Amino acid sequence: MTRAAMIPNERPPHRRLITAAIWLCAILTAAHPLSSDGLWWELSKGRAFVSGSWNPTADLIAGTVGAEADWLSGVIPYLVFSWFGLSGLMWLKLACVLAITGLFLRRVSRPSLTGSWLWNGVLLVTTLIAARQAWEPGSVFFDTLGLVLVYLAAEQIANRNSSAPIVVALLLLCLWSNFGPRCIVGIPVVLINLYRQPQKPVVGLGFTFLMLGACCLTPAGWRTPLDSLCITVPQTIERTEILTMAGWHPWWDRPARSDAIAFVGLSAAYVLALRRNFSARILFVLFVAHALAAASPDNLPMAAIWIALVATSSSIVPAVPPAAACRIQSRSRTGAPQAPGRDETAEPIRPGQPVWPILATVGVVLCASFAAVRPWDDCGSGLGWGIDPRIGPDAFAASLAEVSFEGNAHCVGLREAGLLSWHEARAMRPYDTPTTALLNRRLREHVLLTRDLSDRWQIPHRRADGSWGGWWTVLRDRGTTALVVPSEDLRLVESLEPTIWKPLSLNAVSLVYGKAGDPGCTRQIVETLSVRQMVDRGVWTYQPSSEESSSTVEFLAWFREGSTTFQGLRLARVFRAMQMHIGSLKVLHSLSDSSQDAVREEFYANQLALGYQERLRVGRSSELRLRSSLLAGPRDSIRPEVQEILSWPAAPDVPPDDRFRQAIRLYVERDITAALAELPEDRPEALYAKAQLLLEAGEPRTAQTVLRDFLEKFPDHRLSAMAQILAASLVF
């Protein structure tokens, strides 16, 4: 046996590098602000339990719900938050990631484990990224932790003849069912390990009943396994179309997401790492894990962890004899057969030795680091500490500070229900969350109500399936006095504009809508309307720093810039949905990352909308909006489409060196100061454009002066009617 095999602490360079890369990836994966949609909901459940509630969800929800199994899921996050604040939750998240990483590194370091260190390193790095949502405090956190503990206990069942591991596994299943909603996954996890050796079917059947009984030791009783199955595989009780509308997407629906890409890489590493001992059992685990991930996006972290546990297991993966283990270690370290007595670990890598493990490791390190430091998909912050901007509560809490609501609210998603429960628990309750609606067979009604609001179906009407739709009657019968909608749902925000529902805030991540005329929120509605006028037609200008949450600290300015762009772009989209196009452009002009495709597309959408408004009023848009739309458009082929929308049969023929064209180009590049300097004042289109740019720069008084000059010089121009309307709408 070589010295490398005898002394495990002496590792070849590429193995040490892979280990360091895994630890680095673990830290970078955990060092992201809290971003789970269910954070505030879990904290609300924990607060309700600590206050004496034995059924927290029933006390938080206005709709009828039964006893819940995972009634303790919010206790630990709430206690940590109460004692240590957001930093405590971040430390909990970091500790969990490091503990899981240490566990996996210990498992892959065993001499009996097959597979090279390179593939094992890739497997662990992709697992950490694919399971990133598992580290967030909430139900997925406890489901993942329960899976790991139950799996470790199940390994001991297969390796020992005593009954102690069986008792431990049953106790862990009982705890899991009280903290996490997906305890049903623990049963196949245990059975796969149990049947490593031939077993009689009656033994497996009896043990299955014992595990089901352990899962039933919750307030929900015998319904616990059924509820767990419904949450884990919601397709068992609801149609895919309804689930998609509620947000249950298979992971391949969004293949560009970092966790989806990592899951594919994990599956490939799993196959390659176990290719020497591949068996039907190993293939079955891969199939079940993929089916689990396809059933619900919340299952993806559990599926990734399960694959990694199997790949690093000595119970399912056949053990390697000691002599073969030494040879495998020797080959994985040197890349070639090793002569007896030769000590490779103490020697530097020479040109004659293969360097592909080093190069591959460097590539893994770079890819993992890039994936881990940038903002996660749909998140607003990269590396940081605290709360991610997409679930920031500050503006939401401010919108409810002076409001006295009574009744219940229709909350579109779990984030909306959690924010409302956390800030308005006594006076206003959500009617449902997607999960409670699913378990109580109301999910179809929940999502179709949201769709009716988005489609502006107020009055009762027959749907295609014969059921009755229309939001007015449903909300009246429920006694709903408020709506809480995600700011990302622009179609819903736009559809609510002409209705009696009016927003209580403009910049909250979840917008609260109250009824016009409701005494409890009339004052807040009026104040919001005055703010809207100031934002769109007044001296207001967007300051990116004003959107930064006091509860979030980012590590580097590079990441803060991405966060600022995320928040500004979100706000600009909300303003556009609320028909505040000038306000939206003010936000876009303030973003430093103005070359980003999403920012440019939003700029184009506002230009086209403003031009269409001009067309409706005066028959044709201004030249400013036409040229801006053409320059900012996503592709050159949109020219005929833009000209048709803005009622221009052809683009105006202007010489290439015209100052007006140069000013429009500078404006599209978001340099308003230079564009204003280039605009001539002897052309009506240029003078009108100057007034518009001054308004977008937050100078309504100067813009009004220019509009008066325009009306005096060109009173018969077709844009004069538009200039009068604009001048009358300015706010100082």
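In this text, all values refer to a predicted model and were calculated from it rather than measured experimentally.

Cut-offs applied
Residues numbered from 1 in each chain as written. Predicted model: local features only at pLDDT ≥ 70, side-chain atom pairs only at ≥ 80, totals over all residues. Heavy atoms only, no water. Helix = DSSP H or I, 4+ residues; strand = E, 2+ residues; numbered from the N terminus. Buried < 20%, exposed > 50% of the residue type's maximum accessible area, 1.4 Å probe, protein only. Contact = heavy atoms within 4.5 Å. Areas by Shrake-Rupley, 256 points an atom, 1.4 Å probe, with all protein chains shown as cover. Phe/Tyr/Trp six-rings, centres within 6.5 Å; stacked < 30°, edge-to-face > 60°. Lys NZ or Arg CZ within 6 Å of the ring centre and 35° of its normal. Axes fitted to C-alpha atoms, helices over the stretch in contact; angles between N-to-C directions. Parallel < 35°, antiparallel > 145°, perpendicular 65-115°, else oblique. Left-handed = near helix turned anticlockwise from the far one by under 90°. Nonpolar A, V, L, I, M, F, W, Y, C, P; charged D, E, K, R; others polar. Core = buried A, V, L, I, M, F, W, Y, C linked by side-chain atoms within 4.5 Å. Salt bridge = Lys/Arg side-chain N within 4 Å of Asp/Glu carboxyl O. Pairing = 2+ DSSP bridges. Patch = residues over 30% accessible without salt bridge, like charges linked within 9 Å, V, L, I, M, F, W, Y side chains within 5 Å. Disulfide = S-S within 2.5 Å.

A. Structural context of the overall build of the protein. When helices and strands are counted, the protein shows 34 helices and nine strands. The burial tally for the protein puts 56% of its 732 residues in the buried class. In the protein, the proportion of contacts linking residues at least 24 apart, taken out of those at least 6 apart, comes to 70%. As displayed, the protein offers around 30,400 Å² of accessible surface, 60% of which is attributable to carbon and sulfur atoms.

B. Summary view of the side chain of Asp 658. Topologically, Asp 658 is positioned in the loop between α29 (639–645) and α30 (659–668). Among the residues examined, Asp 658 registers a relative accessible area of 17% and is labelled buried.

C. A look at the packing of aromatic side chains. In total, this model carries 19 aromatic pairs according to the counting rule given. When the ring of Phe 81 is compared with that of Trp 422, the centres are 5.8 Å apart and the planes differ by 75 degrees; the resulting orientation is edge-to-face. Here the residue Phe 81 occupies a position in helix α5 (residues 75–108), and Trp 422 occupies one in helix α19 (residues 414–423), the gap between them amounting to 341 residues. In textbook terms, an aromatic cluster arises when at least three aromatic residues are bridged by ring pairs, as seen for Trp 40, Tyr 78, Phe 81 and Trp 422. We note Arg 620 situated over the ring of Trp 648; from NZ or CZ to the ring centre the distance is 4.6 Å. One residue, Arg 670, lies across the ring of Phe 603, its end atom 4.5 Å from the ring centre.

D. View of the packing of helix α28 (residues 623–632) against α30. With their axes 10 Å apart at the nearest point, α28 and α30 run at an angle of 55 degrees to one another. Here α28 is positioned oblique relative to α30, judged by the angle of their axes. Here α28 and α30 pass one another in a crossing that is right-handed. Of the residues in α30, those touching α28 at Glu 623, Leu 624, Arg 625, Arg 627, Ser 628, Leu 631 and Ala 632 are Phe 660, Arg 661, Ile 664, Arg 665, Tyr 667 and Val 668. A per-class count over the contact of α28 with α30 returns seven nonpolar, one polar and five charged.

E. Inspection of the nonpolar core at higher detail. Ranked by internal contacts, the top residues of the largest apolar core, which has 108 residues, are Phe 405, Val 485 and Tyr 513. At eight residues, the largest contribution of residues to this core is made by helix α32 (residues 684–696). Apart from residues no more than four positions distant in its own chain, Val 485 is found in contact with Val 412, Glu 416, Leu 492, Val 493, Leu 496, Ser 510, Leu 511 and Tyr 513. By size, the runner-up hydrophobic cluster in this structure holds 82 residues, among which are Phe 104, Leu 105, Val 122 and Leu 191.

F. Highlighting the pattern of salt bridges. Going through the model one piece at a time under the given rule, you end up with 32 salt bridges. Notably, a salt bridge pairs Glu 155 with Arg 107, separated by 2.8 Å at the nearest N-O pair. Pair noted here: Glu 155 is in helix α7 (residues 139–159) and Arg 107 is in helix α5, with a separation of 48 residues, a long-range link. Judged on exposure class, the residue Glu 155 and its partner Arg 107 are both buried. A single network of salt bridges, built from pairs that share partners, joins Glu 623, Arg 627, Asp 658 and Arg 683.

G. Here's a closer look at the pairing of strand β2 (residues 407–411). Within β2, four of the five residues are buried, which leaves it mostly tucked inside the rest of the structure. As judged from the three bridges shared by β2 and strand β3 (residues 428–430), these two strands associate in the parallel manner. Bridging from a neighbouring strand, Gly 407 pairs with Met 428 of β3. Note: β2 against strand β6 (residues 480–486), four bridges, orientation parallel. Of the residues in β6, the one forming a bridge with Cys 411 is Val 484.

H. A nonpolar patch on the surface, seen in detail. On the surface, a cluster of nonpolar side chains totalling about 230 Å² of accessible area is made up of Val 271, Phe 278 and Leu 283. When you line up the elements, Val 271 lands in helix α13 (residues 258–273).

I. The sheet that holds β2, seen in detail. Sheet architecture is open: five strands sit in the order β3-β2-β6-β8-β7, paired in mixed fashion. Each of the sheet's edge strands pairs with one partner strand only, and the pair in question is β3 and β7 (501–503). Averaged over all pairs of adjacent strands, the angle between strand axes in this sheet comes to 35 degrees, irrespective of strand direction. Across the sheet, helix α21 (residues 443–455) touches β2 and β6, and the angle it forms with β2 is around 80 degrees. Together, β7 and β8 (510–515) form the strand contacts of helix α24 (residues 522–537), whose direction differs from that of β7 by roughly 60 degrees.

J. Region of the structure containing unusual backbone geometry. At Arg 456, a position not held by glycine, the phi torsion is positive, near 65 degrees. Position of Arg 456 among the secondary structure elements: in the loop between α21 and β4 (461–462). Looking at Arg 456, the relative accessible area reads 46%, which means it is partly exposed.

K. Highlighting the state of the cysteines. Under the criterion given, the structure shown has zero disulfides. No disulfide involves Cys 174; its sulfur sits 8.3 Å from the nearest other cysteine sulfur, which is in Cys 215. Overall, Cys 174 belongs to the buried group, its relative accessible area being 17%. Cys 183 provides the cysteine sulfur closest to Cys 215, a residue in no disulfide bond, and the two sulfurs are 4.0 Å apart. Since its relative accessible area comes to 1%, Cys 215 is described here as buried.

L. Representation of the packing of α24 against helix α26 (residues 581–590) within the structure. Contact pair α24 / α26: the axes reach a minimum separation of 7 Å and the direction vectors enclose 60 degrees. As the angle between them shows, α24 and α26 are arranged oblique. Crossing geometry of α24 relative to α26 is assigned as left-handed. Between α24 and α26, the contacting residues are Met 534, Val 535, Asp 536 and Arg 537 on the first element and His 581, Ile 582, Gly 583 and Lys 586 on the second.

M. Layout of the environment of Leu 86. Position of Leu 86 among the secondary structure elements: in helix α5. Its relative accessible area of 17% is what places Leu 86 among the buried residues. Between the C-alpha atom of Leu 86 and that of Ile 387, which follows or precedes it by 301 residues, the distance is 7.6 Å.

N. The pairing of β8, seen in detail. For β8, the buried fraction is high: five of the six residues fall into the buried class. The pairing of β6 with β8 spans five bridges and is classified as antiparallel. Pairing of Pro 486 across the sheet is with Ser 510, part of β8. Here three bridges tie β7 to β8, and the two strands are oriented antiparallel to one another. Looking at the pairing, Pro 503 lines up with Tyr 513 of β8. Counting the residues that bridge the hairpin from β7 to β8 gives six residues.

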